[in-house]
Amino acid sequence: MKNVQITIAFSSIIQKLNGFLNGRFGREKMAHIPPPPDFASIEAAAPKTAEQRSRVLALIGNIVFSWSNNESLFIYVLSILLATDEVSAAIVFTTLNTTRARLDLIQRLAKVKIRDPDVAAELDKLIARFNKASRVRNEFNHCLYTVGETGEITHTQTMKLQEVRGHLRWGEMKPMDEMRLKQISKAIADLTKLNRDIWSFLPRLQAACGAKAPARRNGTAGKTDE
């Protein structure tokens, strides 16, 4: 099987980096490049693990898709809070470079625009649910993937420094086992339910703000299917 994407296991690199960060090793004077993987052997064995890879990649793609569509729905929330059209709200939304900044703006506007405390509390809960799903999405969107000798995706590895008991560590590794796959599936189901709940919330938000319905373009942007 050709075109199998291979990720080198970084365990030895991480061991050295963690040792350097905590003063156990000195800085190496020359770069050490590991030998390349045995691509021919991995590609020959890859068909046997194609089902596992397809399942993992489908779940990752689904959570990215569902998360992005849910984030885009907050453009309509912003449109109502600003009492403006969708295009103007989208310009404001996308000018802010991070999801956190976009949601911070929405929550601050909500404090001065929403007259009904129940609606304000409902918006806070929707954002909290989105943030919870975001943590799962971010875990799989910002990591390295380790591929085994037969082409199966075996582990994920974070791309950030962590401090554990006063020591710095880089690259927490977790197995891509059945428990992790169920975690992704649950996050996808949660995002699908959240998508429906945000759509049903928009009219109540509009009424609480005394705003006109935001003008929408043709299409189904922001809709997440089962």
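Reading the values: rules and limits
Residues numbered from 1 in each chain as written. Predicted model: local features only at pLDDT ≥ 70, side-chain atom pairs only at ≥ 80, totals over all residues. Heavy atoms only, no water. Helix = DSSP H or I, 4+ residues; strand = E, 2+ residues; numbered from the N terminus. Buried < 20%, exposed > 50% of the residue type's maximum accessible area, 1.4 Å probe, protein only. Contact = heavy atoms within 4.5 Å. Areas by Shrake-Rupley, 256 points an atom, 1.4 Å probe, with all protein chains shown as cover. Phe/Tyr/Trp six-rings, centres within 6.5 Å; stacked < 30°, edge-to-face > 60°. Lys NZ or Arg CZ within 6 Å of the ring centre and 35° of its normal. Salt bridge = Lys/Arg side-chain N within 4 Å of Asp/Glu carboxyl O. Expected span 1.5 Å × (residues − 1). Polar contact = N/O pair within 3.5 Å; in protein donor to acceptor, adjacent residues only side chain to side chain.

Teacher, can you tell me more about the overall build of the chain here?
Along the backbone of the chain there are seven helices and five strands. Counting helices and strands in the order they occur from the N terminus, the chain gives α-α-α-α-α-α-β-β-β-β-β-α. Looking at the chain as a whole, 37% of its 226 residues are labelled buried. Here the contacts in the chain between residues at least 6 apart in sequence split such that 68% fall between residues at least 24 apart. Carbon and sulfur atoms make up 56% of the accessible area of the chain, which amounts to about 13900 Å² in all.

Would you mind going over the packing of aromatic side chains with me for this structure?
Working definition: an aromatic ring pair is given by the centre-to-centre distance plus the angle between the planes. As enumerated under the stated definition, the model contains three aromatic pairs in all. Ring geometry for Trp67 versus Phe130: centroids 5.4 Å apart, planes at 25°, classification stacked. In this pair, Trp67 is assigned in helix H3 (residues 50-82) and Phe130 in helix H6 (residues 117-141), connecting sequence segments 63 residues apart. Taking the centre distance of 5.6 Å and the plane angle of 45° together, the rings of Tyr76 and Trp199 count as tilted. Of this pair, Tyr76 sits in helix H3 while Trp199 sits in helix H7 (residues 178-209); the two residues are 123 residues apart in sequence, bridging distant segments of the chain. Overall, Trp199 belongs to the partly exposed group, its relative accessible area being 25%. Put simply, the rings of Trp67, Phe74 and Phe130 pair up and form one aromatic cluster. A cation sits over an aromatic face here: Arg137 above Trp67, 3.8 Å from the ring centre.

What is the right way to look at the pattern of salt bridges in this model?
Inspection of every chain in the model, using the stated rule, returns eight salt bridges. The partner of Arg102 in a salt bridge is Glu71, with the nearest N and O atoms 2.9 Å apart. On the criterion of sequence distance, the pair formed by Arg102 in helix H5 (residues 99-113) and Glu71 in helix H3 is long-range, its members being 31 residues apart. In this structure Arg102 comes out as buried when scored by relative accessible area, which is 13%. Through salt bridges that share partners, Arg129, Lys193 and Asp197 make up one connected network.

What is the right way to read H6 from this model?
Because an α-helix packs 3.6 residues into every turn, residues spaced three or four apart end up facing the same way. Look at H6: 35 Å from first C-alpha to last across 25 residues, which is about the 36 Å you get at 1.5 Å a residue. If you check which residues of H6 are buried, you get Val119, Leu123, Leu126, Ile127, Phe130, Ala133, Ser134, Val136, Arg137, Glu139 and Phe140. Lining the buried residues of H6 we find H3, H5, strand E1 (143-147), strand E2 (153-158), strand E5 (173-175) and H7. The residue sitting at the N-terminus of H6 and contributing the capping side-chain oxygen is Asp116; that oxygen lies 2.8 Å from the backbone nitrogen of Asp118.

Keep in mind these numbers describe shape, not what the thing actually does.
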